[in-house]
Amino acid sequence: MPRFAANLSFLFADRALPDRIDAARAAGFDAVEMLFPYEHAPETLAEWLKAADLELVLFNMRPGDWAAGERGLASFPHRSEEFRASVEEALRYAQRLGTRRLHALAGLAQPDDARAASAYRDALAFACDRAGPMGVDVLIEPINGRDMPGYHLASFERAAEIIAALGRPNLKLQFDVYHRQILRGDVIRGLEELMPLIGHVQVASVPGRNEPGTGELDDFAVFAALDRLGYAGFVGCEYRPLGRTEDGLGWMDRAAPLSRT
Ligand SMILES: O=C(O)C(=O)[C@H](O)CO
Ligand SMILES: [Mg+2]
């Protein structure tokens, strides 16, 4: 079964970050991911993670003013300096924390806005060229318009086209099973077709975005497909627990009965 990473922006969210880290370890995770690490110095985060023997496998570049509703900078031509600074900052964190995957959020701009599309490609090329020599992948994630209305990247086909067009080996797809099911369905076929492009997978039930196994999809069949396809990366648990996180982790025993100690 795949290796699961606890998303610390979603799981154990009723406590402070150091306690979330400890809780993830206590629950049997070896790896974690989070939306944004920037409230804490990288040295502090590195200490907390080391003490819990956890790997931080993914986080996002700064998205602009998240609290004000911004959802990324990469598709705004007039904010390219800010985007580039966010790449440098994320790479500083990644180097200190040993993180090999950074998600670049596109921002809220119509998918058919040609200036936004061109700025997005330029921004991704810059990020990849900076990250490549450091062994870091840049990820792009199609996000459904119900959760994020107006998001620039709302199509798996378009994500694949951008990856092909840019020709950067470290530009990868973040395949979130939850978004895929809402945007497109055909999840396992999507994994089969897109596997060579996939750098990270995330999971949550549909439609509730809760624990795997609580929605309309057979998430365990999806995990089995990842194994069959030889997926060697992580599956981020990016779901909203229905109750206390610990009380809802029974799905992990069903998914990977031998991996929790
Ligand atoms: O919303 C998601 O699915 C994500 O993975 C992003 O990081 C959004 O911020
Ligand atoms: Mg996601």
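All values derive from a computational prediction rather than experimental measurement. (Residues numbered from 1 in each chain as written. Chains lettered and ligands numbered in written order. Predicted model: local features only at pLDDT ≥ 70, side-chain atom pairs only at ≥ 80, totals over all residues. Heavy atoms only, no water.)

1. Section: the pairing of strand E5 (residues 137-140)
Here is the rule we go by: Accessible area is worked out with a 1.4 Å probe on protein chains only. A residue is then buried under 20% of its type maximum, exposed over 50%, and partly exposed in between. Per the convention used, a helix needs a DSSP run of H or I reaching at least four residues, while a strand needs a run of E reaching at least two, with both numbered from the N terminus. The pairing criterion is simple: DSSP has to find at least two bridges between the two strands.
Burial of the side chains of E5 extends over both faces: Asp137 and Leu139 are buried on one face and Val138 and Ile140 on the other. Where strand E4 (residues 101-103) and E5 come together, three bridges link them in parallel fashion. Each residue of the ladder has a partner; that of Arg101, found in E5, is Asp137. By the bridge criterion, three bridges tie E5 to strand E6 (residues 171-176) in an arrangement that is parallel. Pairing of Ile140 across the sheet is with Leu173, part of E6.

2. So, the sheet that holds E5
The test is simple: Axis geometry follows a simple rule: fit a line to the C-alpha atoms, using only the stretch in contact for helices, then measure angles between N-to-C directions, giving values from 0 to 180 degrees. Between two residues, a contact is recorded if the distance between any of their heavy atoms is within 4.5 Å.
Taken in spatial order, the eight strands close into a barrel running E1-E2-E3-E4-E5-E6-E7-E8, and their pairing is parallel. Direction aside, the axes of adjacent strands within the sheet are offset by 30° on average. Running at roughly 165° to E6, helix H5 (residues 156-166) makes contact with E5 and E6 of the sheet. Sheet strands touched by helix H8 (residues 219-228): strand E1 (3-7), strand E7 (198-203) and strand E8 (234-237). Its angle to E7, the strand with the most contacts, is close to 160°.

3. With respect to the nonpolar core
What counts is decided by this rule: Only buried residues count toward a nonpolar core, which is a set of Ala, Val, Leu, Ile, Met, Phe, Trp, Tyr and Cys residues joined through side-chain atoms within 4.5 Å.
Core analysis: the largest hydrophobic core is formed by 83 residues, its most contacted members being Phe12, Phe29, Phe59, Phe175 and Trp251. If one sorts the elements of this core by residue count, helix H4 (residues 114-131) sits on top with eight residues. Once you skip the residues sitting within four places of it in the chain, Phe29 turns out to touch Phe4, Ala5, Ala6, Leu11, Phe12, Ala24, Leu54, Cys237, Leu249 and Met252. If you look at the next biggest cluster of nonpolar residues, it comprises six residues, including Ala5, Leu58, Leu139 and Phe234.

4. So, the layout of surface pockets
The method is simple in principle: a probe with the dimensions of a water molecule rolls over the atoms, and the space it marks as empty is what remains. Short version of the rule: Cavities and pockets are defined on a 1 Å grid built over the protein atoms alone: a cavity is a set of grid points where a 1.4 Å probe fits but cannot escape, while a pocket is an open set with protein on both sides within 12 Å along at least five of seven lines, and lining residues are those with an atom within 4 Å of any such point. Grid points are joined across faces, edges and corners, and a volume is the space filled by probe spheres set on the points. Here the nonpolar group is Ala, Val, Leu, Ile, Met, Phe, Trp, Tyr, Cys and Pro; Asp, Glu, Lys and Arg are the charged ones; every other residue, Gly included, is treated as polar.
Its boundaries defined by the atoms lining it, the largest pocket holds a volume of some 360 Å³. Around the largest pocket, the lining comprises 22 residues; the ones closest to its centre are Phe10, Leu35, Trp66, Met148 and Arg209. Mapped onto the lining of the largest pocket, the elements with two or more residues apiece are strand E3 (55-60) and E6. Here the lining of the largest pocket is composed, by residue class, of nine nonpolar, six polar and seven charged. By volume, the second largest pocket amounts to about 290 Å³. Lining the second largest pocket are 14 residues, with Ser9, Phe36, Pro37, Glu39 and His40 sitting closest to its centre.

5. What about the pattern of salt bridges?
The test is simple: Criterion for a salt bridge: a side-chain nitrogen of Lys or Arg within 4 Å of a carboxyl oxygen of Asp or Glu.
Considering all chains together, one arrives at 16 salt bridges under this definition. In this structure, the salt-bridge partner of Glu88 is Arg130, at a minimum N-O distance of 2.8 Å. Here Glu88 is found in helix H3 (residues 80-97), whereas its partner Arg130 is found in helix H4, with 42 residues between them in sequence. With a closest N to O distance of 3.2 Å, Arg228 and Glu192 form a salt bridge.

6. Topic: the UniProt feature "domain: Xylose isomerase-like TIM barrel" (unreviewed entry) in the chain
So the rule is basically this: UniProt positions are given in the numbering used here, feature names are shortened, and annotations may be inferred rather than shown by experiment.
Per the UniProt annotation, the sites labelled "domain: Xylose isomerase-like TIM barrel" (unreviewed entry) are residues 21-254. Measuring from the first to the last C-alpha atom of residues 21-254 gives 23 Å, for a span that is 40% helix and 14% strand.

7. Regarding the UniProt feature "active site" (unreviewed entry) in the chain
Per the UniProt record, the feature "active site" (unreviewed entry) sits at Glu141 and Glu238. A stretch of 98 residues holds the annotated residues, and the largest C-alpha distance among them is 13.2 Å, short enough that they meet in one place. The annotated residues named above include Glu141 and Glu238 as those lining the largest pocket. Mapped onto the secondary structure, Glu141 falls in the loop between E5 and H5. Each residue touching Glu141, except ones within four places of it in the same chain, is listed here: His103, Tyr151, Leu153, Gln174, Asp176, His179, Gln202 and Glu238. According to the relative accessible area criterion, Glu238 is buried, its value standing at 6%. Contacts of Glu238, omitting those with residues within four sequence positions, involve Asn7, Phe10, Glu33, Leu35, Glu141, Asp176, Gln202, Val203, Ala204 and Arg209.

8. Quick notes on the coordination of the magnesium ion (ligand 2)
Cut-off, in case you're wondering: Excluding water, the donors of a metal are its N, O and S neighbours within 2.8 Å, or within 3.2 Å for Na, K and Ca, and that exclusion means sites may look incomplete. Donor angles set the geometry label: tetrahedral for four donors if every angle is between 85 and 135 degrees, square planar for four and octahedral for six if opposite donors exceed 155 degrees and the others are between 65 and 115, irregular for anything else.
Ligation of the magnesium ion (ligand 2) by protein atoms is provided by Glu141 (OE), Asp176 (OD), Gln202 (OE1) and Glu238 (OE), these donors lying 2.0 to 2.2 Å from the ion. Here the magnesium ion (ligand 2) is ringed by six donor atoms whose angles at the metal span 78 to 174°, and the overall shape comes out octahedral. Ordering the donors of the magnesium ion (ligand 2) by residue number gives the pattern E-x34-D-x25-Q-x35-E. Taken together, the residues Asp176 in strand E6 and Glu238 in the loop between E8 and helix H9 (250-255) connect sequence positions 62 residues apart. Here the two residues Asp176 and Glu238 agree in accessibility, since each one is buried.

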